Amino acid sequence: MEQRMYAYRCTNCGKLYHPSRLVCRQCGGREFEPVPLEGEGTLVTYTRVYNLPEGFMKPWLTFGIVEFPNGVRVAGQVDKEELALGMKVKATVGIVKEGVGKDYYGFIFK
Ligand SMILES: [Zn+2]
């Protein structure tokens with residue numbers, strides 16, 4: 001099953017949001033269209049987290065904020081050994097947390 005992540009563009013003024021909003025902060029518009037978030041982004045910041053809650057499959061994870069070329073910033077896992085601020089990472093979507101009867105999808109940057 002292919003999963004994609006989206007930003008939401010206000011059809012009135014064009015402002016992009018992620019996650020989605022009910023009302024545009026810029027113009028008050030209520031109509032949005034999905035815009036796929038994919039491809040390369042820039043690693044803005046990251047942090048390595050140990051002692052993860054139950055449901056995560058690894059002893060530690062790196063979480064980062066990545067900015068896409070369209071200016072949308074998203075949070076996700078970073079699956080790389082060598083990390084540097086400003087580096088280019090490729091956005092993929094995968095299972096970030098295994099739940100009982102439900103898996104959670106999110107960004108995994110590689
Ligand atoms: Zn708007």
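Residues numbered from 1 in each chain as written. Predicted model: local features only at pLDDT ≥ 70, side-chain atom pairs only at ≥ 80, totals over all residues. Heavy atoms only, no water.

For the protein, the name recorded in an unreviewed UniProt entry is DUF35 domain-containing protein, with Thermanaeromonas toyohensis ToBE as its organism.

(A) Highlighting the UniProt feature "domain: ChsH2 C-terminal OB-fold" (unreviewed entry) in the protein. Within this numbering scheme, the UniProt entry marks residues 35-92 as carrying the feature "domain: ChsH2 C-terminal OB-fold" (unreviewed entry). With 0% helix and 57% strand, the stretch residues 35-92 has end C-alpha atoms that lie 15 Å from each other. (UniProt positions renumbered as here; feature names shortened; annotations may be inferred. Helix = DSSP H or I, 4+ residues; strand = E, 2+ residues; numbered from the N terminus.)

(B) Structural view of the nonpolar core. Counting 15 residues, the largest nonpolar core has Leu37, Leu43, Phe68, Val74, Phe107 and Phe109 as the members making the most contacts within it. For this core, the elements supplying multiple residues, two or more each, are strand E6 (73-78), strand E7 (88-99) and strand E8 (102-109). In this structure, Phe107 is in contact with Met5, His18, Leu37, Phe68, Val74, Ala75, Gly76, Gln77, Ala91, Thr92, Val93 and Val96, ignoring residues within four places of it in sequence. (Core = buried A, V, L, I, M, F, W, Y, C linked by side-chain atoms within 4.5 Å. Buried < 20%, exposed > 50% of the residue type's maximum accessible area, 1.4 Å probe, protein only. Contact = heavy atoms within 4.5 Å.)

(C) How the structure looks around the coordination of the zinc ion. Only Cys10 (SG), Cys13 (SG), Cys24 (SG) and Cys27 (SG) from the protein coordinate the zinc ion, and they sit 2.3 to 2.4 Å from it. Viewed at the metal, the 4 donor atoms of the zinc ion are separated by angles of 103 to 115 degrees, and the geometry they form is tetrahedral. Counting the intervening residues between successive donors of the zinc ion yields the motif C-x2-C-x10-C-x2-C. Take Cys10: its relative accessible area is 1%, and that puts it in the buried class. Exposure remark for Cys13: the relative accessible area of 33% places this residue in the partly exposed category. (Donors = N, O, S within 2.8 Å, 3.2 Å for Na, K, Ca; no water. Tetrahedral: all angles 85-135°; square planar, octahedral: opposite > 155°, others 65-115°.)

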